Amino acid sequence: AQTPKRIAVTGAAGQICYALLFRIAKGDVYGPDQPVILQLLDLPQALDAVRGVVMELEDCAFPLLAGTVVTDDPVTAFTDIDAAFFVGSRPRTKGMERRDLLSANAEIFRVQGEALDKAAKRDAQCVVVGNPANTNAMILAANAPNFPTENITAMIRLDHNRALTQFASKADLHVDDIERFVVWGNHSPTMFADWTEAEAKGRKLSEIIGDETWYRETLIPQVATRGAAIIEARGASSAASAANAAIDHMYDWIHGTDGKWVSMAVPSTGLYDIPEGLMVGLPVICKDGHYERVEGLEFNDFQKEMMARTVGELEEEREAVSDLL
Ligand code: NAI
């Protein structure tokens, strides 16, 4: 049998993890032949709930689940890991300013960055889901100086998937037909769902749909505010779809995308004049366990304006947590 992969998951008692953990244990990240050990981190007051989830995992009799660890200590959670899902974060509570939210989370990700630095395998693949995801990932990287920054990413895949379904239904296409689509920037309402390069069946998606007004005035805001629409309808924030997007993000990174673009928030190298070090959603192609940023694109005025807005917001967030960087 293969040596199990160790996967850390933070916020294990939360609602996203209630969907995520079962899919990881089923084999949806590494595939049907790879055993996994789940290393689950949450706050001390949530550990009983995590143990309850572990009882349910046991009751699934997953053939690939080779073990579980339950802990409130980040170093224990990140010891020898091959991958990590950073889902846990401090939610916004009533009356909390955006700046307070940023700094409360910054502190969490500072501590976890130090633990990652100390305990994880150097090639562990990390995705931050907990909001504000991009900036949390940047703080994680800044506090793990001996851990490769390239291996720290944030999730913008839910926004990507949301847009694909809207495009496919508008154009009567299959979601898999759509290529070269990307969501740029921050996982926040400023994100930029960009169809400029998108194609389906050899044609430009914008020509197939032929409705620029729909794209600008319906699609873009609809994707940006979908999270709020789910809360409104469900009375709780998206959980199973967020878990699914996290699985897609990690699956593609590990297994490759066969030349296809996917959206990942990754450390900026200065490409497209995005300030270096920001964690920014951009198009990547994954191959052999690595991602490559899509280069050589040129932007029209609308793209430049949309990029400036979302990148500007990421710079403001960086400014707000500058003392922890
Ligand atoms: P939840 O509130 O149900 O669960 C969060 C869990 O994290 C709780 O069990 C809590 O105890 C734990 N936690 C808090 N601080 C922690 C720490 N320092 N260490 C370990 N665990 C800690 O939240 P839910 O619905 O599972 O969402 C989790 C996060 O994912 C939220 O920040 C949410 O905004 C974000 N999210 C991100 C999306 C994206 O597209 N990037 C999409 C949907 C949600």
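As the structure is a prediction and not an experimental result, all values here were calculated from the model. (Residues numbered from 1 in each chain as written. Predicted model: local features only at pLDDT ≥ 70, side-chain atom pairs only at ≥ 80, totals over all residues.)

**Focus on the overall build of the protein**
What the protein contains, in helices and strands, is eleven helices and 14 strands. In summary, the protein has a C-alpha radius of gyration of 19 Å against a globular reference of 20 Å for 325 residues, a match within 12%. Within the span of the protein, comprising 325 residues, buried residues form 43% of the whole. For the protein, restricting intrachain contacts to residue pairs at least 6 apart in sequence, the fraction spanning at least 24 positions comes to 75%. (Helix = DSSP H or I, 4+ residues; strand = E, 2+ residues; numbered from the N terminus. Rg over C-alpha atoms; globule rule 2.2 N^0.38 Å. Buried ≥ 20, exposed ≤ 12 C-beta atoms within 10 Å, placed from the backbone. Contact = placed C-beta atoms within 7 Å.)

**What to know about the sheet that holds strand β11 (residues 203-204)**
The strand order across the open sheet built from three strands is β7-β10-β11, with neighbouring strands paired in antiparallel fashion. Single-partner strands in this sheet number two, and they are β7 (178-179) and β11. For strand β10 (residues 199-200) and β11, the ladder comprises two bridges, and the chain directions are antiparallel. If you follow Ala200 over to β11, its bridge partner there is Arg203. (Pairing = 2+ DSSP bridges.)

**Some details on the UniProt feature "binding site: NAD(+)" (unreviewed entry) in the protein**
The residues that UniProt annotates with the feature "binding site: NAD(+)" (unreviewed entry) are Gly11, Ala12, Ala13, Gly14, Gln15, Ile16, Cys17, Asn105, Gln112, Val129, Gly130 and Asn131. With respect to the element layout, Gln15 can be found in helix α1 (residues 15-26). Of the residues examined, Gln15 has 16 C-beta atoms within 10 Å and is grouped as partly exposed. Setting aside residues up to four positions removed in sequence, Gln15 forms contacts with Ala236 and Ala239. (UniProt positions renumbered as here; feature names shortened; annotations may be inferred.)

**Focus: the pairing of strand β1 (residues 5-10)**
Most of β1 sits inside the fold, with five of its six residues counted as buried. With α1 bridging β1 and the parallel strand β2 (residues 36-41), this β-α-β connection has right-handed handedness. The sheet contact formed by β1 and strand β4 (residues 83-86) spans four bridges and is parallel. Considered in β4, the bridge of Thr10 is made with Phe86. (Right-handed = clockwise from strand over helix to strand, strands pointing away.)

**Structural notes on the UniProt feature "domain: Lactate/malate dehydrogenase C-terminal" (unreviewed entry) in the protein**
Taking the UniProt record as the reference, the feature "domain: Lactate/malate dehydrogenase C-terminal" (unreviewed entry) is found at residues 157-321. Between the C-alpha atoms that bound residues 157-321 there is a distance of 24 Å. The span itself is 47% helix and 19% strand.

**Notes on the pairing of strand β13 (residues 279-287)**
For β13, the buried fraction is high: seven of the nine residues fall into the buried class. Sheet topology note: the strand β12 (residues 262-267)/β13 ladder contains six bridges and is antiparallel. Paired with Ser263 across the two strands is Pro283, which belongs to β13. Bridging between β13 and strand β14 (residues 290-293) involves four bridges; their strand directions are antiparallel. When the bridges of β14 are listed, Val284 appears paired with Arg293. Where β13 hands over to β14, the hairpin turn is made up of two residues, of which Asp288 adopts a positive phi near 50 degrees.

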